[in-house]
Amino acid sequence: MDRYGSHIAALERRAERDLQTFDPAEAGPDDATSYLREGAGQAIWLYVEARTGGRLVPFSEAELSALQDAMNSWLELYARCHDVDLEAEFTVREAAEVLVETRNIRDTAQLLTRVPDRREEVRERERDRNETVEST
């Protein structure tokens, strides 16, 4: 097993577990953010790390497929937290390119999935900002 094999396997298992335990009745924006930060973002960043830093780390077909499947599972869960049913079929390379460009996993997810609608996302961020100001 190479340098990333066990980490990819752990991500794959966690994504499967998250899919099995997902409850749409209890899912909300905090869950969506968690699926991005703790899931999809971790998978994408592992790919970025392996492809940068002066040495290209090769992935087997199975590893790349597992990494991609895990990432897409979390992007689907992210969308479902926004009441959108989505069948994610993004490549991890495509997601990595967007993440490197945006430097933000929420923006990456929104650009890939189109969820939430940009106008809705602006309203959410404004609401979050107002709540932060009110709590201080």
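Residues numbered from 1 in each chain as written. Predicted model: local features only at pLDDT ≥ 70, side-chain atom pairs only at ≥ 80, totals over all residues. Heavy atoms only, no water.

Visitor: Give me the lowdown on the overall build of the protein chain, citing residues and values where you can.
Guide: A count of helical and extended segments in the protein chain gives six helices and zero strands. Starting at the N terminus and walking to the C terminus, you meet the elements of the protein chain as α-α-α-α-α-α. Burial status across the protein chain gives 41% buried among its 136 residues. The contacts of the protein chain with a sequence gap of at least 6 include a subset with a gap of at least 24, amounting to 63%. As presented, the protein chain carries roughly 8,500 Å² of accessible surface, and 45% of it is formed by carbon and sulfur atoms. (Helix = DSSP H or I, 4+ residues; strand = E, 2+ residues; numbered from the N terminus. Buried < 20%, exposed > 50% of the residue type's maximum accessible area, 1.4 Å probe, protein only. Contact = heavy atoms within 4.5 Å. Areas by Shrake-Rupley, 256 points an atom, 1.4 Å probe, with all protein chains shown as cover.)

Visitor: Give me helix H5 (residues 105-113): which residues, what numbers.
Guide: Of all the nine residues making up H5, seven are buried; the element is thus mostly covered by neighbouring parts of the structure. Every buried residue belonging to H5 is among Ile105, Asp107, Thr108, Ala109, Gln110, Leu112 and Thr113, and all of these are buried. Regarding H5, its N-cap is Asn104, as a side-chain oxygen of that residue lies 2.8 Å from the backbone nitrogen of Arg106 further along. Of the residues one or two after H5, Arg114 is the one with positive phi, at around 65°. (Polar contact = N/O pair within 3.5 Å; in protein donor to acceptor, adjacent residues only side chain to side chain.)

Visitor: Outline a negative patch on the surface, listing residues and values.
Guide: Side chains of Asp23, Glu26, Asp30 and Asp31 sit close together on the surface and give a patch of like negative charge. Note that Asp23 resides in the loop between helix H1 (5-21) and helix H2 (29-51). Take Asp23: its relative accessible area is 33%, and that puts it in the partly exposed class. (Patch = residues over 30% accessible without salt bridge, like charges linked within 9 Å, V, L, I, M, F, W, Y side chains within 5 Å. Salt bridge = Lys/Arg side-chain N within 4 Å of Asp/Glu carboxyl O. Lys, Arg positive; Asp, Glu negative; His and termini not counted. Charge placed at Lys NZ, Arg CZ, Asp CG, Glu CD.)

Visitor: I'd like to hear about the nonpolar core, residue by residue, with values.
Guide: Residues Ile44, Phe59, Leu67, Met71, Trp74 and Leu75 are the most contacted members of the largest nonpolar core, which totals 38 residues. Mapped onto this core, the elements with two or more residues apiece are H1, H2, helix H3 (61-81), helix H4 (92-102) and H5. Not counting chain neighbours up to four residues away, the residues in contact with Ile44 comprise Met71, Val92, Ala95, Ala96, Leu99 and Ile105. (Core = buried A, V, L, I, M, F, W, Y, C linked by side-chain atoms within 4.5 Å.)

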